[in-house]
Amino acid sequence: MKSGFVFAAALAAAAAFGAQPDAEGFVSLFNCRDLAGWVGATQNYGVETIKVKMAGTGEEKEMQVLACRPPQKDGKPMGGGNLCTEKEYENFILRFEFCMPENGNNGLGLRITDVNKDAAYHAMCELQLLDDGGSQYYDKDARKDKLHPYQYTGSVYGIVPAKRDNFNKQIW
């Protein structure tokens, strides 16, 4: 079960809802206003405005982001469910940015065939998005990981581990 949430901004693919492509030919899948063009567990997602610290300059900037807001049970998230593009894509390049809260856990399922099934197990693959340094996943005192290497951010979940320690919290 996925818990926590991910902020995703600038989701883009080579073709999308008829929006105008940027200079590199990418079209945003996220309009920064609502969930138009998305299907699945839309009740658990929404658009939020957050302040982020920009890498390099340290400048704080407000951004409209796609946020996962999973339902709660006893104060703990129960999983956000799948949010998928309404349009299907054959060949594409996907660029995205994310900002992970403390102990957040989510993923990006690629080529999912059923929006009602867990993308981690019923998609072609899932790219893991996780707060690698969070107390749920890393024991700072023992300097020891609590998960398998293929379960950390950037990994193809359960298949290929990613290079570690290459993400800064709250910095875009």
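For the structure itself, consult the block above.
Here we summarise the structure given alongside this text. The structure presented is a predicted model; accordingly, all values stated were derived computationally and were not measured. (Residues numbered from 1 in each chain as written. Predicted model: local features only at pLDDT ≥ 70, side-chain atom pairs only at ≥ 80, totals over all residues. Heavy atoms only, no water.)

**A few points about the overall build of the chain**
Rules: Helix and strand labels come from DSSP, where a helix needs a run of H or I of at least four residues and a strand needs a run of E of at least two; each type is numbered from the N terminus. Only protein chains enter the area calculation, which uses a 1.4 Å probe; residues under 20% of their type maximum are buried, those over 50% are exposed, and those in between are partly exposed. Contact criterion: two residues are considered in contact whenever any of their non-hydrogen atoms come within 4.5 Å of each other.
When you go through the chain residue by residue, the secondary structure sums to one helix and 13 strands. Scanning the chain from its N terminus toward the C terminus, one meets helices and strands in the order β-β-β-β-β-β-β-β-β-β-α-β-β-β. The 172 residues of the chain split such that 37% are buried. Sequence separation of at least 24 residues holds for 53% of the intrachain contacts in the chain that already meet a minimum separation of 6.

**As for the environment of G46**
Looking at the element boundaries, G46 is found in strand β4 (residues 45–53). G46 sits in the buried class, given a relative accessible area of 7%. Measuring from C-alpha to C-alpha, the distance between G46 and L35 comes to 6.9 Å, with eleven residues separating the pair along the chain. The contact partners of G46, leaving out residues within four places of it in the chain, are L35, V65, L66, A67 and R69.

**Observations concerning the pattern of salt bridges**
Put simply, the rule reads: We count a salt bridge whenever a side-chain nitrogen from Lys or Arg sits within 4 Å of a carboxyl oxygen from Asp or Glu.
This model, assessed by the stated rule, comprises three salt bridges. For D22, the salt bridge goes to R95, with nearest N and O atoms at 3.2 Å. With D22 in the loop between β1 (7–13) and β2 (27–28) and R95 in strand β9 (residues 95–99), this residue pair connects regions lying 73 residues apart in the sequence. The residue E24 makes a salt bridge to R95 at a minimum N-O spacing of 3.0 Å. With a gap of 71 residues between them, E24 in the loop between β1 and β2 and R95 in strand β9 connect regions that are remote in the sequence. Here E24 falls in the exposed class, since its relative accessible area comes to 60%. Given a relative accessible area of 31%, R95 falls into the partly exposed group.

**A look at the side chain of T153**
Quick note on the threshold: We call two N or O atoms a polar contact when they sit within 3.5 Å, provided that within protein one can donate a hydrogen and the other can accept it, with sequence-adjacent residues counted only if both atoms are side-chain atoms.
Tracing the backbone through its elements, the reader meets T153 in the segment after β13 (144–145). A polar contact of 2.5 Å, which involves the side chain of T153, links it to the backbone oxygen of L130.

**Overview of the nonpolar core**
For clarity, the cut-off: Note on terminology: a nonpolar core comprises buried Ala, Val, Leu, Ile, Met, Phe, Trp, Tyr and Cys residues joined through side-chain atoms within 4.5 Å.
Counting residues in hydrophobic clusters, the biggest one holds ten residues: L29, F30, L35, W38, A41, Y45, L66, C68, L83 and Y89. Apart from residues lying up to four places away in sequence, L83 is in contact with L35, W38, V39, T42, Y45 and L66. With five residues, the next largest nonpolar core counts V52, M54, M63 and V65 among its residues.

**Thoughts on the pairing of β4**
Rules: Each pair of strands is called paired provided DSSP finds at least two bridges between the two strands.
The pairing of β4 with strand β5 (residues 60–68) spans nine bridges and is antiparallel. Paired with E48 across the two strands is V65, which belongs to β5. Two successive antiparallel strands, β4 and β5, enclose a turn made up of six residues, where G56 displays a positive phi of approximately 90°.

**Some words on the packing of aromatic side chains**
Condition: In summary, the pairing rule links any two rings of Phe, Tyr or Trp, Trp by its six-membered ring, whose centres are within 6.5 Å, and it sorts them by plane angle into stacked for under 30 degrees, edge-to-face for over 60 and tilted for everything else. By definition, being over a ring means that NZ of Lys or CZ of Arg is both within 6 Å of the ring centre and within 35 degrees of the ring normal.
In the structure shown here, the tally under the stated rule is two aromatic pairs. The interplanar angle of 65° and the centroid separation of 6.4 Å between the aromatic rings of Y89 and F92 together place this pair among those described as edge-to-face. Taking the relative accessible area as the measure of exposure, Y89 reaches 18% and is therefore buried. Residue class for F92 comes out partly exposed when judged on its relative accessible area of 30%. Against the face of F26 rests R95, its NZ or CZ located 3.8 Å from the ring centre.

These results come straight from atomic positions and should not be treated as a statement about function.
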